[in-house]
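# A structural walkthrough
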Amino acid sequence: MSLKGRDIVSIRDLSREEIDEILAAARRMIPYAEGTRSSGSLSGRIVVLAFFEPSTRTRLSFDAAAQRLGGRSLTIADASESSLRKGESLNDTIRMLAHYGDAIVLRHPNEGAARLAAMVSDRPVLNAGDGAGQHPTQTLVDLATIRESFGTLAGLRIVLLGDLRHGRTVHSLARALAIYGSAIRTVSPPGLSLPPEVAEQVVELGGEIQEEASLAKAVRDADVLYVTRLQKERFLDPAEYAQVAGSYRVDAAALQGARDRLVVMHPLPRTGEIAPELDATPRAAYFRQAFLAVPVRMALLGLVLNGKVP
Amino acid sequence: MGTVRELKIQPIRNGTVIDHIPNGRALDVLRILGLRALGSDSTVSVAIRVRSDKLGYKDIVKVENMELTARHLDALCLIAPSATISIIRDFKVRDKRVVDLPAAVTGILTCPNPSCISNVGEPIESEFEVARRRPVTLRCVYCERQVVDFLHHLRG
Ligand SMILES: Nc1ncnc2c1ncn2[C@@H]1O[C@H](COP(=O)(O)OP(=O)(O)OP(=O)(O)O)[C@@H](O)[C@H]1O
Ligand SMILES: [Mg+2]
Ligand SMILES: [Zn+2]
């Protein structure tokens, strides 16, 4: 079993063993991501960062990951504005980009774009977010953070809070957690609950899921509180957005009944969902989560390009 | 009994009979067959609300000089899973087929997700894989959206 040459389009494509392999590789990459060890294992390789939708964090963390391993990157930032496409189909664009580099990291506004790219490209494609669809590398970062906090992924209790309807990261996270037998509680503003098919999949994959009205009750015996922001850009109706904006906020008071070991995660950027008073507490795992984006993406690039990491 | 009722429809020399269509679906079956593509010498007979022992009521479609393609069969399976297909040659039933769910359904349905990459002008066909057999649930291979109400998402 090797991930060499593989596309990473959806968390669905990865078995539990493969996820474990990626997370183990990511752990080994931490000193390289911190700059205390160095490696030239991607020297001579070019990673194409094709971002057809803005995303600073994901793009920069992939860029850092490639460079930390001695690789180079070609960046197309907000390619919808650039002269690159000129109405050209994604199909054609990807065929061309596959000649420019050794792997393609794609962010695109349409769901399924990365799957199409993977079908067309003979170079590995890493999905860095396709519209409201999948964002598997973020999910792997989330899993790495939880794994680091608890030493395991098995049998944890996780609360998902926020815009669970539009939040693509929580959809793939819920599915991945289900593979590890997690018990998931969901808390969301009216109309923003987890799509029923995602909940069904959790159950099919061996997880447990339950909707909870009260955050205080949901966090009581939880290990992780995963907070997401409202996906403003995915609301079709601004009035609908205004109605739920600011309707949830996690602060010290909200976590009073929680266990000491509970950690708070957030894919960032946050827009007021987490009070800054939590930042300096041991509960705040979101900055560590942001850092782990680099070693996880180093692991992915190493595995799909070389089949291994240093 | 059956023969008396069947007399309402002229026998055909060569063609295809699609029997045991769930009542009310005959017009959708015609849509699948794409009758515009058919030769002008082909008679198409449609019987709606025919008494049936198995189904209570059923519809029947008979098309002269036409044999169904694999794609027709896939589409029939989605909207008329009970259908039986008889191939008529020289007025006689020469062959029978039942429809069966294929592993992948290509080019028949439109993805219900308007911003799916298969709906925005890329040079690709829609493609769905079977997510569940009971009830039949398909999943778009691109955006992973699931579909169960096939009638509303038939192409064309
Ligand atoms: N020459 C023909 N022209 C038009 N329809 C025909 C012709 N021959 C048979 N059919 C129709 O084709 C279908 C299958 O014919 P068949 O004689 O096998 O009937 P059956 O035994 O009732 O089969 P089934 O089990 O499929 O109902 C029936 O709907 C019958 O009316
Ligand atoms: Mg009969
Ligand atoms: Zn789709």
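First things first, this report covers the structure right here in the doc. Note that the structure is a prediction, hence the values are computed from the model and not measured.

Thresholds, definitions, all that
- Residues numbered from 1 in each chain as written.
- Chains lettered and ligands numbered in written order.
- Predicted model: local features only at pLDDT ≥ 70, side-chain atom pairs only at ≥ 80, totals over all residues.
- Heavy atoms only, no water.
- Helix = DSSP H or I, 4+ residues; strand = E, 2+ residues; numbered from the N terminus.
- Rg over C-alpha atoms; globule rule 2.2 N^0.38 Å.
- Buried < 20%, exposed > 50% of the residue type's maximum accessible area, 1.4 Å probe, protein only.
- Contact = heavy atoms within 4.5 Å.
- Expected span 1.5 Å × (residues − 1).
- Donors = N, O, S within 2.8 Å, 3.2 Å for Na, K, Ca; no water.
- Tetrahedral: all angles 85-135°; square planar, octahedral: opposite > 155°, others 65-115°.
- Salt bridge = Lys/Arg side-chain N within 4 Å of Asp/Glu carboxyl O.
- 1 Å grid on protein atoms, 1.4 Å probe; cavity = no way out; pocket = protein on both sides within 12 Å on 5 of 7 lines; lining within 4 Å.
- Points joined across faces, edges and corners; volume = space filled by probe spheres on them.
- Nonpolar A, V, L, I, M, F, W, Y, C, P; charged D, E, K, R; others polar.
- Domains from an automatic or database assignment.
- Pairing = 2+ DSSP bridges.
- Axes fitted to C-alpha atoms, helices over the stretch in contact; angles between N-to-C directions.

### Here we look at the overall build of chain A
Scanning chain A from N- to C-terminus turns up ten helices and nine strands. What you see for chain A is a C-alpha radius of gyration of 19 Å, in line with the 19 Å of a compact globule of 310 residues. Each principal axis of the C-alpha distribution contributes one length, and for chain A these read about 55 × 45 × 35 Å. Per-residue burial for chain A yields a buried fraction of 57% across its 310 residues.

### Here's the deal with the side chain of Arg-175 of chain A
Tracing the backbone shows Arg-175 of chain A in helix α6 (residues 168–179). With sequence-adjacent residues up to four places away left out, Arg-175 of chain A is seen in contact with Ser-10, Ile-11, Arg-12, Gln-134, Gln-201, Val-202 and Leu-205 of chain A together with Glu-144 of chain B.

### A closer look at α6 of chain A
All names here are of chain A. With twelve residues, α6 extends 18 Å from end C-alpha to end C-alpha; this agrees with the ideal 16 Å at 1.5 Å per step. Among the twelve residues that make up α6, eleven are buried, leaving the element largely enclosed by the rest of the structure. Downstream of α6 by a residue or two, Gly-181 has a phi angle that is positive, lying close to 70°.

### Concerning the coordination of the zinc ion (ligand 3)
All names here are of chain B. In the first shell of the zinc ion (ligand 3), the protein supplies Cys-111 (SG), Cys-116 (SG), Cys-140 (SG) and Cys-143 (SG), at 2.3 to 2.4 Å from the metal. Of note is the zinc ion (ligand 3), whose four donor atoms meet at the metal with angles of 97 to 117° in an arrangement that counts as tetrahedral. Summarised as a motif, the one-chain spacing of the donors to the zinc ion (ligand 3) is C-x4-C-x23-C-x2-C. Pair noted here: Cys-111 is in the loop between β6 (104–106) and β7 (127–133) and Cys-140 is in strand β8 (residues 136–140), with a separation of 29 residues, a long-range link.

### Things to note about the pattern of salt bridges
Scanning all chains against the criterion turns up 22 salt bridges over all chains. Note that Glu-144 of chain B is salt-bridged to Arg-175 of chain A, the shortest N-O span being 3.5 Å. Taken together, the residues span two chains, with Glu-144 of chain B in the loop between β8 and β9 (146–147) and Arg-175 of chain A in helix α6. For the residue pair Glu-144 of chain B and Arg-175 of chain A, the accessibility class agrees, reading buried in each case. A salt bridge links Arg-132 of chain B to Glu-204 of chain A; the shortest N-O distance between them is 2.8 Å. A residue pair is termed interchain when its members come from two chains, as with Arg-132 of chain B in strand β7 and Glu-204 of chain A in helix α7 (residues 196–204). Several salt bridges converge on common partners, so that one network encompasses Arg-12, Asp-13, Arg-115 and Arg-175 of chain A together with Glu-144 of chain B.

### Some remarks on empty space enclosed by the protein
All names here are of chain A. Per the counting criterion, the structure on display carries four cavities of 30 Å³ or more. Taken together, Leu-23, Ala-26, Arg-27, Ile-30, Ala-144, Arg-147, Glu-148, Leu-292, Pro-295 and Val-296 form the lining of the largest cavity. Sorting the residues of the lining of the largest cavity by element identifies α1 (16–34), α5 (136–150) and α10 (286–306) as the ones contributing at least two each. Looking at the lining of the largest cavity, the element that brings in the most residues is α1, giving four residues. Tallied by class, residues from the lining of the largest cavity come to seven nonpolar, no polar and three charged. Each of domain 1 (11–132 + 292–306) and domain 2 (136–289) contributes no fewer than three residues to the lining of the largest cavity.

### Some points on the sheet that holds β8 of chain B
Strand order across the open sheet formed by four strands is β6-β7-β8-β9 (chain B), with antiparallel pairing between neighbours. Two strands in the sheet have a free side with no partner beyond their single neighbour: β6 and β9 of chain B.

### Comments concerning the sheet that holds strand β7 (residues 208–211) of chain A
Residues and elements named next belong to chain A. Pairing within the open sheet is parallel, and its five strands lie in the order β7-β6-β5-β8-β9. The open sheet terminates on both sides in strands that have one partner only, identified here as β7 and β9 (263–265). Adjacent strand axes in the sheet meet at a mean angle of 20°, parallel and antiparallel pairs treated alike. Two strands pair when backbone bridges link them, and strand β6 (residues 183–187) and β7 are joined in this way by four bridges, in the parallel orientation. Pairing of Arg-185 across the sheet is with Gln-210, part of β7. Here α5 sits on the sheet and contacts β5 (157–161), β8 (224–227) and β9; the angle it forms with β9, its principal contact strand, is near 170°.

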